[in-house]
Amino acid sequence: MKNMKYKVLAADDEFWSRENIRNLIPWEEYSLEFLEPACDGEEVIERIAEEKPDIILTDINMPFLSGLELLQRLQNEYPEIITIAISGYDDFDKVKGVFVSGGLDYLLKPVGKEEMVKVLTKALGLLEERENTKKQDETSKLQKHKLSSFLEDSEYSALLSGKLYGQSASQTHVSSTNTFSEVATLMVKFYNITEIAEQFEHDNLQMSWNIKSRLRELTGLEENAIIFNNSNKMSEFLIVKTADAKEFRALAENILKEFPLEEYGPVSVVLHEQTSSLDDIGTVYRELISTLITRPFNREHSILSCPEEKTGEQQRNSETQMVGKSAPAHMETELYHLLTTGQKAEAEKLIFKTCNFRQCDDGNWTYLDVKQYAGRITGILYRYVQEKCPELTAQAEEAMDNIDYYMKCLNAPSLLASLKILLDSLWESGEDKSSDAGSIMQQVEQIHKYIERSYHENITLTALAEQYHMDASYLSRTFSQKYGETIIAFLTRIRMEKAAELMKDQDKKLETISFLVGYDDYNYFSRVFRKKMGCSPREYRNKFAQL
């Protein structure tokens, strides 16, 4: 049985009249639910609150509460209900009374099927029109909320960037009041923000507003709580409110339940329980970020406290662990020697097995551990490239950018694959001559078209390699041979070209454009744009506006 969209309630004091209306038409075929008829007007009033009818058919001549009296009450108390009068008498005064009381139409008994269908069509048309108007109003209201939300985000985010980069004098300032002089801060960090955006068709305003609304519900809709999305990093949301440590911890746990790992990917919640003024949010933000890098480097939810208090033994254990994950002091000399003597297998063993780096996402490595170790290795490789094979400098820089990006996403497989590709490029060259080269080239062409079409998605080399059942290093090399640039270089170029095109629309915020082309971190997007286009996004837009 199809879902009934609207409900109809008929009222008549005569049994045969009620049954005649019940059996007059197949109500369900018109997507109408015919409720059990009422015996009089008083029963109608009693049942409205619970059954919520959309259309009421009422006899004019009923005891206790007449049809005209019922219509008058419905007009005053439930004006959204459509009313239709039915009578056995063709009385002008009563007909006039029906319309004065807000009735849609007046039918004479016995009511025929054709008459009933005609008046119901009229009623349904009115209901649909009302619903469409309501949807338009809600859409308009939602758009205003989203825009207002974005402007609010920009204002609060200015405090973060102003304090961080020493630009507070030129930034919009939100002054503190007594309400926000003793507040604690909580930061929510999403690592799959690009995939989450797909749920909202990459509408960053809708996504941001939706997540903030859900966070606000979790705070109990407290009016004195500030919740905003960092304009420069769409993956970060901050909550500033008065709360004790126990309440904050419960809020953090509820946030992770609200955004399950299977649907939203890993989420970090960082608690800064020490109270401060809203004017100090920049300093607080720095401390939150400093704590964030101590989270485990894996694809799991995590709750961190800032500043994290440790016992003496915990502190010593932490320091021991950090030393154990650092690259050995002699590693630079040893790796450089292996590279210059062409010992590929030994170089890979040294890089990936030292400190068990191949298992860096097993929960024993922190984000900082991975960042420091990978930075040390890429630094050695980059030095070798500059000194021994400078023609690979651009490729090496790209690989280092990729490694940095995959670290931010907690994506260990892609990070390790990018490092291996960089290493492989030092030894491998020349075109592939395998027997299935034609088939492989077809796959590479498919990948090329896919990137052109889906550049805004979270595209990684390892994901493409898995999808097309190819080794990531081999795929990268084959793509470069055919198109003269690596997959990531092509993806970046397409994104920057699309960003430049979107900048022609002066009404589009640069942060929004960054997100639309696949970057949740505006500062990172700005650096890439400057490198590819020779100027910052803002400078590029200003130049275009002057043309």
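Remember, it's a predicted structure, so these values are computed and weren't measured experimentally.

Caption draft 1: Examining the packing of helix α16 (residues 412-425) against helix α19 (residues 472-483) more closely. Taken N-terminus to C-terminus, the directions of α16 and α19 make an angle of 55°; their axes are 9 Å apart at the nearest point. Comparing their axes, α19 and α16 come out oblique. The handedness of the crossing between α16 and α19 comes out as right-handed. Residues Ala417, Ile421 and Asp424 of α16 touch α19, and the partners they reach there are Ala472, Ser473 and Ser476. Residue classes in the contact of α16 with α19 are distributed as three nonpolar, two polar and one charged.

Caption draft 2: Structural detail: the packing of aromatic side chains. Taken as a whole, this structure holds 19 aromatic pairs when the rule is applied. Between Phe297 and Tyr367, the aromatic rings sit 6.4 Å apart at their centres with planes inclined by 40°, giving tilted as the arrangement. Residue Phe297 is found in the loop between α10 (281-292) and β10 (302-306), and its partner Tyr367 is found in helix α14 (residues 367-388); the two are separated by 70 residues along the sequence. Each member of the pair, Phe297 as well as Tyr367, is classed as buried. Seen from their ring centres, Phe479 and Phe490 are 6.0 Å apart, and the 45° between their planes marks the pair as tilted. Pair noted here: Phe479 is in helix α19 and Phe490 is in helix α20 (residues 487-502), with a separation of 11 residues, a long-range link. The exposure classification of Phe479 matches that of Phe490, with both residues buried. Taken together, the ring pairs in this structure connect Tyr405, Tyr406, Tyr519, Tyr522, Tyr524, Phe525, Phe529 and Tyr540 into an aromatic cluster.

Caption draft 3: Local environment of the sheet that holds β10. Strands sit in the order β7-β8-β6-β9-β10 across an open sheet of five strands; the sheet is mixed. Where the open sheet ends on each side, the last strands, each with one partner, are β7 (226-229) and β10. The sheet shows a mean angle of 15° between the axes of neighbouring strands, taken without regard to direction. Sheet topology places strand β6 (residues 183-190) next to strand β9 (residues 267-276); seven bridges connect them, and they run antiparallel. The residue bridging Thr185 from the neighbouring strand is His272, located in β9. Across the sheet, helix α7 (residues 204-218) touches β6, β7 and β8 (236-241), and the angle it forms with β7 is around 155°. Its contacts with the sheet put α10 on β6, β8, β9 and β10, and the angle it makes with β9 is roughly 140°.

Caption draft 4: Looking closely at the layout of surface pockets. By volume, the second largest pocket is sized at about 560 Å³. Residue lining of the second largest pocket: 29 residues in total, with Lys189, Lys233, Tyr367, Lys408 and Asp521 positioned closest to the centre. The set of elements that each furnish at least two residues to the lining of the second largest pocket consists of β6, α6 (193-198), α10, α14, α15 (393-408) and α22 (522-533). Taken together, the residues of the lining of the second largest pocket break down into 13 nonpolar, five polar and 11 charged.

Caption draft 5: Main features of helix α1 (residues 15-22). Buried within α1 we find Ser17, Arg18 and Ile21. Projected down its long axis, α1 carries its buried residues within an arc of 100°, all on one side. Structural note: α1 exposes Phe15 and Trp16 on the side pointing more than 90 degrees away from its buried face.

Caption draft 6: Region of the structure containing helix α12 (residues 331-340). For α12, the set of buried residues is Met331, Leu335, Tyr336, Leu338 and Leu339. Angularly, the buried residues of α12 cover 160° about the axis, an arc narrow enough to put them on a single face. Buried residues belonging to α12 abut α13 (344-353), α14 and α16. Positive backbone phi, at 70°, marks Gly342, one or two positions downstream of α12.

Caption draft 7: Expanded view of the environment of Val284. By secondary structure assignment, the location of Val284 is in helix α10. With residues near it in sequence (within four places) discarded, Val284 still touches Thr185, His272 and Ser276.

Conventions we followed
Residues numbered from 1 in each chain as written. Predicted model: local features only at pLDDT ≥ 70, side-chain atom pairs only at ≥ 80, totals over all residues. Heavy atoms only, no water. Axes fitted to C-alpha atoms, helices over the stretch in contact; angles between N-to-C directions. Helix = DSSP H or I, 4+ residues; strand = E, 2+ residues; numbered from the N terminus. Parallel < 35°, antiparallel > 145°, perpendicular 65-115°, else oblique. Left-handed = near helix turned anticlockwise from the far one by under 90°. Contact = heavy atoms within 4.5 Å. Nonpolar A, V, L, I, M, F, W, Y, C, P; charged D, E, K, R; others polar. Phe/Tyr/Trp six-rings, centres within 6.5 Å; stacked < 30°, edge-to-face > 60°. Buried < 20%, exposed > 50% of the residue type's maximum accessible area, 1.4 Å probe, protein only. Pairing = 2+ DSSP bridges. 1 Å grid on protein atoms, 1.4 Å probe; cavity = no way out; pocket = protein on both sides within 12 Å on 5 of 7 lines; lining within 4 Å. Points joined across faces, edges and corners; volume = space filled by probe spheres on them. Arc of directions from axis to C-beta.

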